[in-house]
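# A closer look at the structure
Residue-level listing of the chains:
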Amino acid sequence: MLEITAPEEMRNWSRAERQRGRRIALVPTMGFLHEGHLRLVDRARERADRVVLSSFVNPLQFGPREDFDRYPRDPARDRRLATERGVDCLFAPATEAIYPGEPVVRIAPGPMADVLEGAARPGHFQGVLTVVVKLLHVVAPDVAVFGRKDFQQVTLVRRMVEDLSFGIDIDIAPTVRELDGLALSSRNGYLSTDERRAALALARALRAVEQGWRGGEADARALERRGMEVLRAPGVVPEYLVLVGEDLSPVARADAHTVVVVAATVGKTRLIDNVVLGEGLANDIAVRAS
Ligand code: AMP
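Here's what I pulled together on the structure shown here. (Residues numbered from 1 in each chain as written. Predicted model: local features only at pLDDT ≥ 70, side-chain atom pairs only at ≥ 80, totals over all residues. Heavy atoms only, no water.)

### Here we look at the environment of Ser249
This is how the line gets drawn: Secondary structure elements are taken from DSSP: a helix is a run of H or I of four residues or more, a strand is a run of E of two residues or more, and numbering for both begins at the N terminus. Buried, partly exposed and exposed residues are distinguished by accessible area as a fraction of the type maximum, computed with a 1.4 Å probe on protein chains only: under 20%, between the cut-offs, and over 50%, respectively.
Among the secondary structure elements, Ser249 is positioned in the loop between strand S8 (236-244) and strand S9 (259-266). Classification of Ser249 by relative accessible area gives partly exposed; the value is 32%. Expressed as a C-alpha distance, the spacing of Ser249 and Asp171, which sit 78 residues apart in the sequence, is 22 Å.

### So, the sheet that holds strand S1 (residues 2-4)
Here is the rule: Being paired, for any two strands, means DSSP has found at least two bridges between them. In this analysis, axes come from line fits to C-alpha atoms, helices being fitted only over the stretch in contact, and the angle between any two N-to-C directions falls in the range 0 to 180 degrees. In this description, contact between two residues means that some pair of their heavy atoms is separated by no more than 4.5 Å.
On the basis of which strands lie adjacent, the open sheet formed by 6 strands has the order S1-S4-S3-S2-S5-S6 and parallel pairing. In this open sheet, the two edge strands, each paired with only one partner strand, are S1 and strand S6 (169-173). Sheet twist, expressed as the average angle between the axes of neighbouring strands with direction ignored, equals 25°. Packing of helix H7 (residues 151-163) onto the sheet brings it into contact with strand S5 (143-147) and S6, and relative to S6 it is tilted by some 165°.

### As for the pairing of strand S3 (residues 50-55)
As a reminder of what qualifies: Clockwise travel from the first strand over the helix to the second, with the strands pointing away from the viewer, marks a crossover as right-handed.
With 5 of 6 residues buried, S3 lies mostly within the body of the structure. Two strands pair when backbone bridges link them, and strand S2 (residues 24-29) and S3 are joined in this way by 6 bridges, in the parallel orientation. Its bridge partner being in S3, Leu26 is matched across the sheet by Val52. Taking the sense of rotation as the criterion, the β-α-β connection linking S2, helix H2 (residues 35-47) and S3 turns out right-handed. Alignment of S3 against strand S4 (residues 89-91), held across 3 bridges, turns out to be parallel.

### Details of the side chain of Glu224
The condition that has to hold: As used in this structure description, the phrase polar contact means that two N or O atoms lie within 3.5 Å; if the pair is within protein, one of them must be able to donate a hydrogen and the other to accept it, and residues adjacent in sequence are counted only when both atoms belong to side chains.
Turning to its location among the elements, Glu224 is positioned in helix H9 (residues 220-231). At a separation of 2.9 Å, a polar atom in the side chain of Glu224 contacts the main-chain amide nitrogen of Leu243. Aside from chain neighbours lying at most four places away, what touches Glu224 is Leu241, Val242 and Leu243.

### Some thoughts on the nonpolar core
What counts is decided by this rule: By nonpolar core is meant a set of buried Ala, Val, Leu, Ile, Met, Phe, Trp, Tyr and Cys residues that side-chain atoms within 4.5 Å join together.
Counting 47 residues, the largest nonpolar core has Met10 and Val52 as the members making the most contacts within it. Counting residues per element, this core draws most heavily on helix H6 (residues 124-139), at 10 residues. Residue contacts for Val52: discarding those within four places in its chain leaves Met10, Trp13, Ile24, Ala25, Leu26, Val27, Cys89, Phe91 and Val139. Listed in part, the 29 residues of the second largest apolar core include Leu200, Ala201, Leu206 and Leu241.

### Comments concerning empty space enclosed by the protein
The following threshold applies: Put simply, the grid is 1 Å and covers the protein atoms alone, a cavity is a trapped set of points that fit a 1.4 Å probe, a pocket is an open set with protein on both sides within 12 Å along at least five of seven lines, and lining residues have an atom within 4 Å of a point. Grid points are joined across faces, edges and corners, and a volume is the space filled by probe spheres set on the points. Following the grouping adopted for this structure description, the nonpolar residues are Ala, Val, Leu, Ile, Met, Phe, Trp, Tyr, Cys and Pro, the charged ones are Asp, Glu, Lys and Arg, and the polar ones are all others, Gly among them.
One pass over the structure, following the stated rule, counts 2 cavities of 30 Å³ or more. Lining the largest cavity we find Lys149, Leu182, Ala183, Ser185, Asn188, Ala199, Leu202, Ala203, Leu271, Ile272 and Asp273. Secondary-structure elements contributing two or more residues to the lining of the largest cavity are helix H8 (193-214) and strand S10 (269-276). In terms of residue class, the lining of the largest cavity is built from 7 nonpolar, 2 polar and 2 charged. Considering the residues around the second largest cavity, the lining is formed by Arg148, Thr175, Asn274, Val275, Val276 and Asp284.

### Looking at the packing of aromatic side chains
Heads up, the condition is: Pairing of aromatic rings covers Phe, Tyr and Trp, the last through its six-membered ring, and needs centres within 6.5 Å; plane angles under 30 degrees mean stacked, over 60 mean edge-to-face, and all others mean tilted. Only Lys NZ and Arg CZ are tested; either one counts as a charge over a ring when it is within 6 Å of the ring centre and within 35 degrees of the ring normal.
Under the criterion given, the structure shown has 3 aromatic pairs. Plain terms: the ring middles of Phe62 and Tyr71 are 5.8 Å apart, the flat faces sit at 75° to each other, and that makes the pair edge-to-face. Here the two residues Phe62 and Tyr71 agree in accessibility, since each one is buried. Clustering of aromatic rings is evident, with ring pairs tying together Phe62, Phe68 and Tyr71. Positioned above the aromatic ring of Phe68 is the side chain of Arg73, whose terminal nitrogen or guanidinium carbon lies 5.1 Å from the ring centre. Just above the ring of Phe32 sits the side chain of Arg77; from NZ or CZ to the centre is 5.5 Å.

### Section: the site of the ligand
Quick reminder of the rule: By convention in this text, a residue qualifies as near a molecule or strand provided that one of its non-hydrogen atoms is within 4 Å of it.
If you check the shell around the ligand, you find 17 residues, and the closest are His37, Gly147, Asp150, Val176 and Leu184. Between the ligand and Met30 there is a distance of 2.9 Å, counted from an oxygen atom to a backbone nitrogen or oxygen. One of the backbone N or O atoms of Val176 is found 2.8 Å from a nitrogen atom in the ligand. Of all elements in the fold, only S2, H2 and S5 reach the threshold of two or more residues within the shell around the ligand. Broken down by element, the residue count for the shell around the ligand peaks at 3 residues, all from H2.

In structure tokens, the structure reads:
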């Protein structure tokens, strides 16, 4: 596996590969890889000849009181996992290489970034989209693969790529969960044993909504109440549980395309999860904890 840290070198490598007629896929991550990231790599491999995995903890998307400094990092382990999974090129730039100074020009994500995660984390999606644009410009892939786990993020990325005519395919991969339903996240490592148990309330709440809908209930507010009852478990501070459409706005009636999005804090850790009703949690990927 090739490892690149300099954006210019990354750009040159991509250009040379493209000139040889190779399709390039990009999997953007913040490192501390887990099976969720690695499934994106598998998917990228199916869609391209060369897979680039970027690992960059983006300071721009963290609020002043968030966990940028203590965000988990393990470059040696990432290198090993990426190599084993067949990544062709690991792009791991230093912060200063991506941001030689404070960027003055940034992406304005519009109103879809003001709700849900954006309401709780002001400026978060401006930071996400700005770094995604930079990575897309440096790597210039044909396709970029994102996880549905971060539903609002991938929705905004898709919308940006469309609205700003990037001409890049945005592919969405299903959420990877542990066998008990907990969605994999680099932040799960913050959870104590008790907190991890409490965190299962998120998947349980999604399942309760899904079962209600499959049972014939289509009123979104009734389904949300049902989910909230399950989410309100000991050790869990619910933030939101909402039924939204593809544009992230709340729906009145649920259908197969409706997405149930949930956020809650367990201990000091903020967790998010979601399910598309028509697909269901059972269609997500379940893996044994590593
Ligand atoms: P992160 O490193 O958390 O920024 O995530 C990098 C990419 O991996 C994003 O596209 C995430 O949506 C995706 N991802 C993170 N966790 C999961 C998961 N459990 N299942 C599927 N994709 C995931």
